[in-house]
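# Fold and contact review
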Amino acid sequence: MTASETSVTIFDRILSREVAADIVFEDDDILAFRDIAPQAPTHVLFIPKRRIASLDDLVESDVELMGRLLFRAAAFAREQDLAKDGYRCVINSGRDGGQSVAHIHLHLLAGRRMSWPPG
Ligand code: 5GP
């Protein structure tokens, strides 16, 4: 990701409430909202409020934030009774990884049987 790709994304506009989203969780550092084009019956995106463009941009001081992002997704799955049947968490990174928004986001997908390998 280049610096210009990190300037403003649709997720900044969701964070500022300029663009509406179905928000399911928020704290000081994390926002979670339903994906506009769900790929499973439950499809939620967990994002850090502080913009990090991609996994390739992580630095060591981001470790705790990223751990909490993952923990929050797991907590949501438990709370929503998704954990017993299972779910998938995905972070796409870069072009070949299928990343389309330059703001790190964790996909939580649940409610159907997932296949492997992914397409
Ligand atoms: P990526 O392809 O970068 O891993 O995932 C980006 C995700 O953001 C996609 O699943 C896409 O459907 C979702 N998305 C893109 N624009 C919007 C939007 O305006 N609102 C919501 N809720 N999700 C969006």
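Look a little higher up for the structure.
These notes cover the structure that comes with them.

So, how was this worked out
- Every chain is numbered independently, its residues counted from 1 as its sequence is written.
- Only residues with pLDDT of at least 70 are given local features in this predicted model, and only at 80 or more are side-chain atom pairs given and counted; all residues enter the totals for whole chains, interfaces and linings.
- Excluding hydrogens and water, the side-chain values take into account all heavy atoms of the structure.
- Any residue with a heavy atom positioned within 4 Å of a molecule or strand is treated as near that molecule or strand.
- Counted as a polar contact is a pair of N or O atoms within 3.5 Å, where, for protein atoms, one must be capable of donating a hydrogen and the other of accepting one, and residues adjacent in sequence contribute only when both atoms are in side chains.
- Put simply, DSSP marks the helices as runs of H or I at least four residues long and the strands as runs of E at least two long, and each gets a number from the N terminus on.
- The working definition used for a salt bridge is a side-chain nitrogen of Lys or Arg within 4 Å of a carboxyl oxygen of Asp or Glu.
- Only protein chains enter the area calculation, which uses a 1.4 Å probe; residues under 20% of their type maximum are buried, those over 50% are exposed, and those in between are partly exposed.
- The pairing criterion for strands is at least two bridges between them, as found by DSSP.
- Think of each axis as a best-fit line through the C-alpha atoms, taken over the contacting stretch in the case of a helix, with angles from 0 to 180 degrees between the N-to-C directions.
- Residues are treated as being in contact if the distance between any of their heavy atoms lies within 4.5 Å.

## Considerations on the site of the ligand
- The ligand sits among 16 residues. The nearest are Asp35, Asn92, Ser100, His105 and His107.
- Measuring from an oxygen atom of the ligand, one finds a backbone N or O atom of Ser100 at 2.6 Å.
- Take His107: an N or O atom from its side chain is 2.8 Å from an oxygen atom of the ligand.
- Listing elements by their share of the shell around the ligand, those giving two or more residues are helix 1 (10-15) and strand 2 (30-34).
- At 3 residues, helix 1 tops the list of elements feeding residues into the shell around the ligand.

## Points about the pattern of salt bridges
- A full pass over the atoms with the stated rule returns 12 salt bridges.
- A salt bridge links Glu18 to Arg13; its shortest N-O distance comes to 3.0 Å.
- Taking the relative accessible area as the measure of exposure, Glu18 reaches 56% and is therefore exposed.
- A residue is classified by how much of its surface remains accessible, and Arg13, at 34% relative accessible area, is partly exposed.
- Between Arg68 and Asp29 there is a salt bridge, with the nearest N and O atoms lying 2.5 Å from each other. Of this pair, Arg68 sits in helix 2 (residues 63-79) while Asp29 sits in the loop between strand 1 (23-26) and strand 2; the two residues are 39 residues apart in sequence, bridging distant segments of the chain.

## Some words on the sheet that holds strand 2
- Reading across the sheet, the 5 strands line up as 1-2-3-5-4 and stay open at both edges, with antiparallel pairing between neighbours. Bordering the open sheet on either side are strand 1 and strand 4 (87-90), each of which pairs with just one other strand. Averaged over neighbouring strand pairs, the angle between their axes works out to 20 degrees when direction is ignored.
- Contacts from helix 2 reach strand 1, strand 2, strand 3 (42-48), strand 4 and strand 5 (106-110) within the one sheet, and its direction differs from that of strand 3 by about 155 degrees.

## Quick word on the pairing of strand 2
- The element strand 2 is largely enclosed, with a buried count of 4 among its 5 residues.
- Pairing between strand 1 and strand 2: 3 bridges, direction antiparallel. Within the sheet, the bridge partner assigned to Ile23 lies in strand 2 and is Phe33.
- Between strand 1 and the antiparallel strand that follows it, strand 2, lie 3 residues.
- Here 5 bridges tie strand 2 to strand 3, and the two strands are oriented antiparallel to one another. Pairing of Phe33 across the sheet is with Leu45, part of strand 3.

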